[in-house]
Amino acid sequence: MSKPLLGKSESELSYSELSGMTVGILGSGDFARSLATCLVCSGFKVVVGSRNPKISVALFPATTEVTTQEKAVNKTDVIFVAVFREHYSTLCDLKEALAGKILVDVSNSTELNHHHESNAEYLASLFPKCMVVKGFNVISAWALQSGPKDGNKQVLVCSDNKEARGTVCQIARSMGFIPVDMGSLSSAREIENIPLRLFPSWKTPLMLSLGLFVFFYAYNFTRSVIHPYVTKGEHCFYKMPIELVNVTLPCVAYVMLSLVYLPGVLAAFLQLRYGTKYRRFPGWLDQWLKHRKQIGLLSFLSAALHAVYSLCLPMRRSARYLLLNAAFRQVKVDKQFDKVSL
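In this report, we go over the structure that sits alongside the text. (Residues numbered from 1 in each chain as written. Predicted model: local features only at pLDDT ≥ 70, side-chain atom pairs only at ≥ 80, totals over all residues. Heavy atoms only, no water.)

**Let's talk about the sheet that holds strand 5 (residues 102-105)**
Note the cut-off: In short, DSSP must find at least two bridges between two strands for them to pair. Segments assigned H or I by DSSP are reported as helices when at least four residues long, segments assigned E as strands when at least two residues long, and all are numbered from the N terminus. In this analysis, axes come from line fits to C-alpha atoms, helices being fitted only over the stretch in contact, and the angle between any two N-to-C directions falls in the range 0 to 180 degrees. We call two residues contacting when some pair of their heavy atoms lies within 4.5 Å.
Ordered in space as 3-2-1-4-5-6-7-8, the 8 strands form an open sheet in which the pairing is mixed. Looking along the sheet, the strands with just one partner apiece sit at the ends: strand 3 (65-67) and strand 8 (178-181). Each strand of the sheet is rotated relative to its neighbour by a mean of 25 degrees, with strand direction disregarded. On the sheet, helix 6 (residues 119-126) packs against strand 4 (78-81), strand 5 and strand 6 (131-134) and is oriented at approximately 170 degrees with respect to strand 6. Packing against the sheet, helix 8 (residues 162-174) makes contact with strand 4, strand 5, strand 6, strand 7 (154-159) and strand 8, and its axis sits at approximately 165 degrees to strand 7.

Structure below.
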């Protein structure tokens, strides 16, 4: 897959060409309503094709034209397909009317790699005479309603047709989003999998945090439990669940916090060395910089758990004191008691 391209493409339309452009939407769900609202606010004329236009008209902005699907596709050359993959076949009756038009597939899969082909590729197979573009699927209905300031600003776009891809990129830019050209339609599967990945940027920080915890816990276990047992015969295994964890957590927190600030220092050093701030950082440093937020949050989590465990220590020592006090009173009144292992 080609590298994503930021910036304006030669095939994109100018803002004056897009001003007042009519955009069609097939579907009347939540995403279609949010998309229509955002397009209207961006200066576009919107035509919505619905199976029940009389019922759906009250759900859209007053300036939006809600009509049947047959009439909607005849009034525009750019159409957003806001229906589920299972309902693509219901649009086959419009195949001739959709010929030569740009179809923007905004759907997502329900599972990772659930089908052999992406939704966009399946749509393209049903409408071979159309220019199918994948886009806007990583943008939620909430982000469309609230604007790009309250959600993800990037719109990933891919298509086999360069001109269609450029047109959709310019529409996204006119709506206030940042289009990212992902190349051909074969990238649609990767784009559709993005919303299904749970915490995609957390894998490396979580593995790093877990590795540091295991390392420091093993070190403290050897130092505070194994060494006293081997050299002095002392049984300190009771420290494992609370005291050792409480000693390990601040070590992890401090190291993770240092890893938050270290890449910024290295980046500043490289900029001074190169004599410019416009040269790209090495790949490993670029990924490190992108994970700083996650590393910082995990550092805070470790510090918070350390505070909780610190509150548990006085309660444990209090229980131990009560046990010793009870044993002392039994000895004082000459009562026989069993030996308690402390």
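**Points about the environment of Pro205**
Inclusion rule: Only protein chains enter the accessibility calculation, which uses a 1.4 Å probe. A residue is then buried if its area is under 20% of the maximum for its type, exposed if over 50%, and partly exposed in between.
Locating Pro205 in the fold gives a position in helix 10 (residues 203-232). By relative accessible area, Pro205 is classed as buried at 2%. Separated by 86 residues in sequence, Pro205 and His291 have C-alpha atoms that sit 7.0 Å apart. In this structure Pro205 touches Met256, His291, Gln294, Ile295 and Leu298, once residues within four positions along its chain are discounted.

**Digging into the packing of helix 10 against helix 11 (residues 240-274)**
In a packed pair of helices, the relevant descriptors are the angle between the two axes and the axis-to-axis distance. Threshold: Between 65 and 115 degrees an angle is taken as roughly perpendicular, under 35 as roughly parallel, over 145 as roughly antiparallel, and anywhere else as oblique. A clockwise turn of the near helix away from the far one marks a right-handed crossing, whereas an anticlockwise turn of less than a right angle marks a left-handed crossing.
Two elements in contact, helix 10 and helix 11, have axes whose closest approach is 8 Å; the angle formed by their N-to-C orientations is 135 degrees. Taken together, the axes of helix 10 and helix 11 lie oblique to each other. In this structure, helix 10 crosses over helix 11, and the sense of that crossing is right-handed. Touching Pro205, Leu208, Ser209, Leu212, Phe213, Phe216, Tyr217, Asn220, Phe221, Ser224 and Val225 of helix 10 are Met240, Leu244, Val245, Val247, Thr248, Leu249, Cys251, Val252, Val255, Met256 and Leu259, all from helix 11.

**Focus on the pattern of salt bridges**
Using the following cut-off: For this document, the term salt bridge refers to a Lys or Arg side-chain nitrogen within 4 Å of an Asp or Glu carboxyl oxygen.
This model, assessed by the stated rule, comprises 7 salt bridges. Notably, a salt bridge pairs Lys75 with Glu65, separated by 2.2 Å at the nearest N-O pair. Taken together, the residues span a long stretch of sequence, with Lys75 in the loop between helix 4 (69-73) and strand 4 and Glu65 in strand 3 at a distance of 10 residues. Assessed through its relative accessible area of 42%, Lys75 is described here as partly exposed. Overall, the relative accessible area of 33% leaves Glu65 in the partly exposed class. The partner of Asp286 in a salt bridge is Lys290, and the shortest N-O contact between them spans 3.4 Å. In this pair, Asp286 and Lys290 both sit in helix 12 (residues 283-290), 4 residues apart, roughly one turn of the helix. With a relative accessible area of 55%, Lys290 lands in the exposed category. Because the salt bridges share partners, they merge into one network encompassing Asp105, Lys134 and Glu192.

**Looking at the nonpolar core**
Condition: In this text, buried Ala, Val, Leu, Ile, Met, Phe, Trp, Tyr and Cys residues form a nonpolar core when linked through side-chain atoms within 4.5 Å.
Within the largest apolar cluster, 58 residues are counted, with the highest numbers of intra-cluster contacts made by Ile25, Leu39, Phe80, Leu103, Phe136 and Met175. No other element matches the 6 residues that helix 2 (residues 30-41) contributes to this core. Not counting the four nearest positions on each side in its chain, Leu103 is found in contact with Ile79, Val81, Leu98, Leu123, Phe127, Cys130, Met131, Val132 and Val133. In terms of nonpolar packing, the next biggest core, distinct from the first, is built from 8 residues, Leu212, Val252, Leu259 and Val260 among them.

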